[in-house]
Amino acid sequence: MTPAVASGGTQTGRGSTPSTGEDVRKGRRALLAATVGGVVESFDWTLYAVLAPFFAAQVFPGDDPVTQLLGAYLGFAVGFVVRPLGSYLMGRIADARGRRFGLTLSMAVISAASVLIALLPTAATIGAAAPVLLVGLRLVQGLSMGGENPSAAAYVTETAPRSVRFLYSALSYSGVIIGNILSFGVLTLLLTTLGKDGVTGGGWRIGFLVAAVLGLLALWIRRGAQESEEFAEQAAHRPTGAERRALLRTHSRQLAAVFLITLGATIGYYFGTTYLPQYAAQLGVASAADSAAAMLLPLLALIAAMAVVGRLADRLGALRTLRTGLALLTVATVPLMTALAHRTLPMWLVTVVYLLLIAAPIGLANVLFAQLFPVAVRVVAMGVPFTLATGLFGGTFPLLAQALGQAGHLTLVPWWAAGAAAVSFLGTFLLRPPTGPSTSDTTSPATCEDPA
């Protein structure tokens, strides 16, 4: 195994010299190629959830609306369950064939599945085959989505100008939030133009066609993107299966760190962007509908905050910035939600402040995690613990929070989120600062604290 593969990463000319104008132009094109995938992934993911009440009766047989809706949500859950497997399978492809190939493949599969969902026959036409096909298509999408974010993170890490690498990390992840906003915008437009009956009667298919069109646009952008130079330099030195496993064992500390840091970040993200309107409604301080409608400006503020945090990380160090963000999230979550419960602070202000608190954990993760691993296993090594933590803790958070509320323990929800943030904060101490001149770009002072 060559030294380049065995190391924690590679030291390229781009990583050791100031960024040139050409570097910046290439980095921007790569940033666009990575970001559009996040838009499509999030749009598809959220759109399915918000449209499920409208298509459940058409796709799932029977006369019980509750059972039909539960079946539709089963398709949503399947996507979460298979994401870690998708991270491994798609990550192996991206680590072997290249970032551009992996990103193009995942987007092609996601788009094709959206088209097929839009054209899916109803249960009245093909019976039980309709839900089977739907769940199968969601399984395929979940596998592809499992590799989407880790591949994009590796691509941004390897193509972004070093001086703005964490700014690019934040901007690339903002695509997830933009997709979330667009999905609610499409639902609103469909309900406004077609009405509830029109959406239920088949208008929901338009939403999935929009998702497919967005996917094709992303696919077109990605086909014009260049391969990562860092990956291209490593392509001739692909490790064997035994060498890949040895690399993963060598980086077990980093694997654990990714899992633990993601744990608190994903709970904070789903609390702030998904469950907070319902939480406020259960407290009786605002209706769920009014709170959800007021999420647009806070989400835009989150995007801006992520960009600011990314710039700070480029100047001050990502690990230091991340620890500060997680520490603030840990100590501020319970007081903030207590103030909401006692009506000391209005809902809009609590939402904005809480989303600002999660800007660092979610904005820095893409590049921070990817830089921890060598090029040869970067997508797999980052993706599997990342998607595993997201599925186990992020995907289940709304369900757990709702269960606590139903049991009369709603006030424990902020404590759960704060405790998860504390676990993530402690997880950052699994990472180590640079140890010597052989340390590569993946453990640069931009990523880890200076030894001093």
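Residues numbered from 1 in each chain as written. Predicted model: local features only at pLDDT ≥ 70, side-chain atom pairs only at ≥ 80, totals over all residues. Heavy atoms only, no water.

1. A few points about the overall build of the chain
- Counting its regular elements, the chain contains 20 helices and 0 strands.
- Per-residue burial over the chain gives 55% buried out of 452 residues.
- Accessible area of the chain: about 18,000 Å², with a carbon and sulfur share of 69%. (Helix = DSSP H or I, 4+ residues; strand = E, 2+ residues; numbered from the N terminus. Buried < 20%, exposed > 50% of the residue type's maximum accessible area, 1.4 Å probe, protein only. Areas by Shrake-Rupley, 256 points an atom, 1.4 Å probe, with all protein chains shown as cover.)

2. Digging into helix α14 (residues 318-341)
- Helix length check: α14 (24 residues) gives 34 Å between terminal C-alpha atoms against 34 Å at 1.5 Å per residue, within 8%.
- Considering bend angle alone, the principal kink of α14 is centred on Ala332 and spans about 40°; proline Pro335 follows within four residues of it. (Expected span 1.5 Å × (residues − 1). Bend = angle between axes of the 7 residues up to and from the residue.)

3. Details of the confidence of the model for the chain
- Summary statistics for the chain give a mean pLDDT of 83 and a share of 88% for residues scoring 70 or more.
- Here helix α1 (residues 3-6) stands out as the least confident element of the chain, with mean pLDDT 36; helix α20 (residues 412-427) is the most confident, with 96.
- Scored below 50 in pLDDT, residues 1-18 shows 46 contacts in the model against residues more than four places distant or in partner chains.
- Residue range residues 434-452 is modelled with pLDDT below 50. Its contacts to residues more than four positions away, or to other chains, number 53 contacts. (pLDDT = per-residue confidence, 0-100. Contact = heavy atoms within 4.5 Å.)

4. Topic: a nonpolar patch on the surface
- Together, Leu85, Tyr88 and Leu89 make up an exposed nonpolar region whose accessible area comes to about 270 Å².
- Summarising the element assignment, Leu89 is placed in helix α4 (residues 65-97). (Patch = residues over 30% accessible without salt bridge, like charges linked within 9 Å, V, L, I, M, F, W, Y side chains within 5 Å. Salt bridge = Lys/Arg side-chain N within 4 Å of Asp/Glu carboxyl O.)

5. Topic: the nonpolar core
- By size, the foremost hydrophobic cluster in this structure holds 120 residues, and its most contacted members are Leu51, Phe55 and Phe271.
- The element contributing the most residues to this core is helix α8 (residues 165-223), with 18 residues.
- When near neighbours in sequence (up to four residues on either side) are disregarded, Leu51 contacts Leu187, Val199, Trp204, Gly207 and Phe208. (Core = buried A, V, L, I, M, F, W, Y, C linked by side-chain atoms within 4.5 Å.)

6. Notes on the environment of Gln406
- Tracing the backbone shows Gln406 in helix α19 (residues 397-406).
- What makes Gln406 exposed here is its relative accessible area of 61%.
- The sequence separation of Gln406 and Gln282 amounts to 124 residues, and the corresponding C-alpha distance is 9.4 Å.

7. What to know about the side chain of Thr157
- Within the fold, Thr157 resides in helix α7 (residues 129-159).
- A polar contact of 2.7 Å, which involves the side chain of Thr157, links it to the backbone oxygen of Ala153.
- Thr157 has contacts with Arg165, Asn366, Val367, Ala370, Gln371 and Arg378, leaving out every residue within four places of it along the chain. (Polar contact = N/O pair within 3.5 Å; in protein donor to acceptor, adjacent residues only side chain to side chain.)

8. Brief notes about the packing of α14 against helix α15 (residues 347-357)
- Closest axis-to-axis distance for the α14/α15 pair is 9 Å, and the angle between their directions is 165°. Compared by their axis directions, α14 and α15 come out roughly antiparallel. Here α14 runs over α15; the crossing is left-handed. Residues Gly325, Leu328, Leu329, Ala332, Thr333, Leu336, Met337 and Leu340 of α14 form the contact with α15, whose participating residues are Met347, Val350, Val353, Tyr354 and Leu357.
- Its residues assigned to classes, the contact of α14 with α15 shows 11 nonpolar, 2 polar and no charged. (Axes fitted to C-alpha atoms, helices over the stretch in contact; angles between N-to-C directions. Parallel < 35°, antiparallel > 145°, perpendicular 65-115°, else oblique. Left-handed = near helix turned anticlockwise from the far one by under 90°. Nonpolar A, V, L, I, M, F, W, Y, C, P; charged D, E, K, R; others polar.)

9. Structural notes on the pattern of salt bridges
- For the structure on display, the rule yields 7 salt bridges.
- Here Arg222 makes a salt bridge to Glu148, at a shortest N to O gap of 2.5 Å. One end of the pair, Arg222, is in helix α8; the other, Glu148, is in helix α7, with 74 residues separating them in the sequence.
- For Asp314, the salt bridge is made with Arg311, and the minimal N-O distance between the two is 3.9 Å. Within this pair, Asp314 and its partner Arg311 are both found in helix α13 (residues 296-316), separated by 3 residues, close to a single helical turn.
- Judged by its relative accessible area of 17%, Asp314 is buried.
- Bridged by salt links that share partners, the residues Asp95, Arg99, Glu158, Glu230 and Arg378 form one connected network.

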